[in-house]
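# An overview of the molecular structure
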Amino acid sequence: MYLFHKDIKQTKTKAVCLLVTLLGLNFQALALEAPQPCRLLTAKQVFDGLNYPQTGMAVLIQGNKTKQIGTVESLRGLCRKELDLGDATILPGFIESHAHVTFQNVRKDAILEHGVTTVQDTGGPLQPVEGGQGSLRLLSTGPIIQAAGGYPLNVFTPHDTAGGPDKIGLAVASPEEAQNAVQQLADGGATAIKIALEPGGEPGAPWMQPHGDHAIPPTPWPMLSSDVVEAIVTKAHTLGKRVIAHVGEQTGFDLAVESGVDELAHMPCSTISEASLQKAVDAGITFVTTLDTLASCGPAGMHGNAFVLGMKGANFIYGSEVAHDNVPWGINGEEMHMMLHLTHGADAINFDDVMNVFKSVTSKAGQRLGMHPLLGTLAPGAPADIIAVRGNPFQRFKLLEYPDLVMSGGKIVINKFK
Ligand SMILES: [Zn+2]
């Protein structure tokens, strides 16, 4: 009797265990199948990063991705959460391709709240990619590879001639040292390699203004030799990293182009010869603009270079140099305005030129970064980095500096439509 009772107890215990296990499994299965949060955004017009803004469209976001873009009628009712923004424009989050957020301790939340959802830091402490899910997505090149005694360490931290992975610059003296530096930066998470080819001396350039309590060192500043630059480019390309060069005048420009760099970090400050500009265009080099912060380089230099390159059909990417004190911490409407007026080419400004500016700060910039092929677009599968502004920013860039909605990786950061 006793044994029988014990058997029953054991059987009961086993049954309960089995039930719990089954329930546990069921809970797990349910958790896996639970639908990710779904949200529908509708507005008077939508720009998807690639095509002309369209009216009567909606964007369906699921989890941290854009799932679908289509007519309001076709998507309405698919999500429990719907946000109709009314007379507003939905766009991809903007991409800043030239910044020094970490080096200058700029607040990342302030940049994100002002419409920039992804930043490429181009000089400063090395760190792996971070953010993108409700916080600023930040890519880093780490320190700028430079010549000993040269720029940028000589201007920013003249007491430090060697630099290092946690500094603004890293000095190298030979092709071997340079290749080791590239490997070290790539291993530490650098998304691109930045070099400085800057002898100094350009009137109006920010690097010719005193920094802190030390005077500008006498020019010309030492520059990397061509064999060192070529070694850097070769090594970086082997590792799948593009090379960005800081140049401001003719000798640095020619060295960059002849060594096969991929991208120039600025519109050069001083006048570059037309033949050299043509060579750069023929080589397919991308120009990050930073026109606003370099405005004091003046019409003879920087403006003229931008205008000639525009006529030659050069490839431009928006960059505002976030961290400089003369530009906003976020989208810079004046940078877009200057791009439009200086780089539109031979014809009078038309809507294609306006679109090129918008693409250069969204889809074109995103593709260049190599993080995700759809970054900077609202295409299905793209990271759900989205902004919206009341009104029409294609008529008035300034509106973009104060977005009414900012979403990062599907998470709402700012919503002034409530
Ligand atoms: Zn810079």
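Residues numbered from 1 in each chain as written. Predicted model: local features only at pLDDT ≥ 70, side-chain atom pairs only at ≥ 80, totals over all residues. Heavy atoms only, no water.

What follows covers the state of the cysteines. Summed over the entire model, instances satisfying the criterion amount to two disulfides. Disulfide pairing places Cys 38 opposite Cys 79 at an S-S distance of 1.8 Å. Between Cys 38 and Cys 79, the disulfide has an S-S torsion of -45° and is therefore left-handed. A residue pair is termed long-range when its members are at least 10 positions apart, and Cys 38 in strand 1 (residues 38-42) and Cys 79 in the loop between helix 2 (72-75) and strand 6 (81-84) qualify at 41 residues. Among the residues examined, Cys 38 registers a relative accessible area of 19% and is labelled buried. Take Cys 79: its relative accessible area is 6%, and that puts it in the buried class. Note that Cys 269 is cross-linked by a disulfide to Cys 297, the S-S spacing being 2.0 Å. For the disulfide bridge between Cys 269 and Cys 297, the dihedral angle about the S-S bond is near -105°, and by the sign convention the bridge is left-handed. A residue pair is termed long-range when its members are at least 10 positions apart, and Cys 269 in the loop between strand 15 (263-264) and helix 8 (274-282) and Cys 297 in the loop between strand 16 (286-288) and helix 9 (299-311) qualify at 28 residues. Numbered by position along the chain, the disulfide-linked cysteines of the protein chain connect as 1-2, 3-4. (Disulfide = S-S within 2.5 Å. Helix = DSSP H or I, 4+ residues; strand = E, 2+ residues; numbered from the N terminus. Buried < 20%, exposed > 50% of the residue type's maximum accessible area, 1.4 Å probe, protein only.)

Next up on the list: the coordination of the zinc ion. Donor atoms from the polypeptide that coordinate the zinc ion comprise His 98 (NE2), His 100 (NE2), Glu 321 (OE) and Glu 321 (OE), at 2.1 to 2.8 Å from the metal. Coordination at the zinc ion comes from four donor atoms whose angles at the metal span 51 to 138°, giving a geometry best classed as irregular. Sequence spacing among the residues donating to the zinc ion works out to H-x1-H-x220-E. Of the residues examined, His 98 reaches a relative accessible area of 1% and is grouped as buried. (Donors = N, O, S within 2.8 Å, 3.2 Å for Na, K, Ca; no water. Tetrahedral: all angles 85-135°; square planar, octahedral: opposite > 155°, others 65-115°.)

Once that is clear, we can look at the pairing of strand 10 (residues 137-140). Of the two faces of strand 10, the one carrying Arg 137 and Leu 139 and the one carrying Leu 138 and Ser 140 are both buried. With four bridges connecting them, strand 9 (residues 116-121) and strand 10 associate as parallel partners. Counterpart to Thr 118 in the pairing with strand 10 is Arg 137. (Pairing = 2+ DSSP bridges.)

Moving on: the packing of helix 7 (residues 250-258) against helix 8. Each packed pair of helices is defined by two parameters, the angle between the axes and the distance between the axes. Two numbers describe how helix 7 lies on helix 8: the axes approach to 10 Å, and their chain directions differ by 30°. One way to sum up the angle between helix 7 and helix 8 is to call them roughly parallel. Both helix 7 and helix 8 take part in a crossing whose hand is left-handed. Along the contact surface, helix 7 presents Gln 250, Phe 253, Asp 254 and Val 257, while helix 8 presents Ser 276, Leu 277, Lys 279 and Ala 280. When the residues that make up the contact of helix 7 with helix 8 are grouped by side-chain class, the tally is four nonpolar, two polar and two charged. (Axes fitted to C-alpha atoms, helices over the stretch in contact; angles between N-to-C directions. Parallel < 35°, antiparallel > 145°, perpendicular 65-115°, else oblique. Left-handed = near helix turned anticlockwise from the far one by under 90°. Contact = heavy atoms within 4.5 Å. Nonpolar A, V, L, I, M, F, W, Y, C, P; charged D, E, K, R; others polar.)

A separate point is the confidence of the model for the protein chain. For the protein chain, the average pLDDT comes to 92, and 92% of its residues sit at 70 or higher. With pLDDT under 50 throughout, residues 1-31 is counted as low confidence; its partners more than four residues away or in other chains account for zero contacts. (pLDDT = per-residue confidence, 0-100.)

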